[in-house]
Structures are given as structure tokens and as C-alpha cells.
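Fold and geometry: a report
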Amino acid sequence: MSVLIAIPARYASTRYPGKPLVPLTGASGKAMTLIERSWRAAGSVSGVDKVVVATDDDRIRDAAEEFGAEVVMTSESCGNGTERCAETHANLGMGFDIVVNLQGDAPLTPHWFVEDLIEGLRDAPDAGVATPVLRCDGDALNSLLNDRKNGRVGGTTAVFAADHSAMYFSKEVVPYTAQTYAPADDTPVFHHVGVYAYRPDALAAYPTWPVGPLEQLEGLEQLRFMENGRKVLCVEVEAKGRQFWELNNPQDVPKLEQMMATMGLD
């Protein structure tokens, strides 16, 4: 099955304008923009036929082409990354069997997260879309809770059924737990990793559906699939010693840089 990775990137982020061009300094002291680090993460995934940056902004296009990325220009009307991926796939001739949305704010995404995601969708013919989930340890859970305590919209959490079909995604920390956890303890909370793999029919249908109340309230694009009766498969992935976090707010920059330093990532 042919696989496309599209990296949607927009300049006019509500929470963090210009985020794709923010520099992140790695363990060696070298700084690279967020979009370049995300593109390099995509390039490490095996079994992929094409990787493109999808944007509507000339500044992002110019920066991406300078470091060697192929760029697909999309319209300013795209409301989220999934709509941008749908337009990108259409612009490329609809020729791929699986389209992966590797969002441009997740440069620490290990290659096996995406490889396991693609495999999970291949093995689930009844699912139109799949997305990874990572069990939080106590440290990750406390980071999520601390964001909410301080009024920041940070990571997203997921709850799913026994067959791993998604039941809900939220920017609140769900499910609720009153228990306290040591930093290395497993918890019942799953961090949603902001990557998606779509079958072409589900991806093409997505922009034709109106924004539903849950998507509007949470600001989470994947809820549109669920609100229209489409199964979203949650694929559990393993950290294997890697730390993971997305760049959601300016306060996340030093956090990601510290993680890269700890893991020795340039």
C-alpha cells in the first residue's frame, strides 16, 4: 500500500502565531525550525513513498524549500490539518492508499509511532482513520494537569473501548483519577499523539461534513469523524525510553529543548 506523509503547517496559529518557524536547539547546540525537525522526523519513517509540507504561507514554503522539502501549497480556507491533508492528497492526484498527517508541532515523534500507526490501520479494514495513543507515566500526567491548572491548553487525552475504537478525545485530562502517581508510574490516562493515518475515502469525505458541536467546543479535528459515525482506531504505541511532547505553547520550547538534550537528539 502506497503511503504519503503530509505535514500541515500554518503560520496564523491562534495560540502561537508563527509556530512552524520557531527554532528549537538540539543537544549539539544546533538550532532548527520546528517545521524542519518535523520534516526530518517524517523522513525517518520506513515504508513511506512521499513526504510533503502542506501550507498556505509563503514564509513556510520558502523555509521548507530551503532545507530541501517538497511543498504543496493549499488554500487559506483549510480549517485544520485534516482538511489541509485532504486538499494535498487531491492536489497530488488521489493516488495513495494511506495518507498520514504528521502535524508540524510534534518533532519528537519517533519513527515507530508512525510505523505502528500505519500497520494498525492496514490491519483494521473497518476503520477510516487511526491515531496513536501513549500511556502517560506519572511525570507526563502531572505535566498535563499542570497545564490545565495554569489555564494552558496543552496536550490532548483519549479514552477508547476494548476494541481500541475511540470513545472520546479531550483537552481536559480524562479519565479523572484521584490517585497520585510517582514520575515513572503507569497511569490510566492516555496522551493522544497528534498523528493521523487516513484511508482515502474517509479523508475525502471529511471536508464535506460541517463542524459539529464537540469539535467546535474542544477544537479537536478528529471529533468530526466520530460525530459523523466514522470509527477512529486508537493504536497504542510504546515510548521505548523516548520522551514525547508537542509544542503547543511558547512555554513548551524550553521543555522540548530539555527533552532533546536529555535524549541526545541533535
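Before going into details, it helps to say that this report is about the structure given with it. On a predicted model such as this, the values are computed, not experimentally measured, just so you know. (Residues numbered from 1 in each chain as written. Predicted model: local features only at pLDDT ≥ 70, side-chain atom pairs only at ≥ 80, totals over all residues. Heavy atoms only, no water.)

Further remarks concern the side chain of His192. Mapping His192 onto the fold places it in strand β10 (residues 186-192). Here His192 falls in the buried class, since its relative accessible area comes to 3%. Separated by 2.6 Å, the side chains of His192 and Thr131 make a polar contact. Not counting chain neighbours up to four residues away, the residues in contact with His192 comprise Thr131, Pro132, Val133, Thr156, Thr157, Ala158, Phe169, Gln222 and Glu246. (Helix = DSSP H or I, 4+ residues; strand = E, 2+ residues; numbered from the N terminus. Buried < 20%, exposed > 50% of the residue type's maximum accessible area, 1.4 Å probe, protein only. Polar contact = N/O pair within 3.5 Å; in protein donor to acceptor, adjacent residues only side chain to side chain. Contact = heavy atoms within 4.5 Å.)

Among the residues of helix α2 (residues 58-66), Ile60, Ala63 and Ala64 are the ones counted as buried. Considered in projection along α2, the buried side chains sweep an arc of 100 degrees and stay on one side of the axis. Tucked inside the fold, the buried residues of α2 contact β1 (3-9), β4 (50-55) and β5 (70-73). The opening residue of α2, the one whose side-chain oxygen lies 2.8 Å from the backbone nitrogen of Arg59, is Asp57. Once α2 ends, the next one or two residues include Gly68, with phi positive near 105 degrees. (Arc of directions from axis to C-beta.)

A few words on the environment of Val195. Inspection of the secondary structure puts Val195 in strand β11 (residues 195-198). Taking the C-alpha atoms as reference points, Val195 and Ile7, 188 residues apart in sequence, are found 9.7 Å from one another. The residues contacting Val195, other than those within four sequence positions of it, are Val100, Asn101, Leu102, Thr109, Val114, Leu117, Ala130, Thr131 and Pro132.

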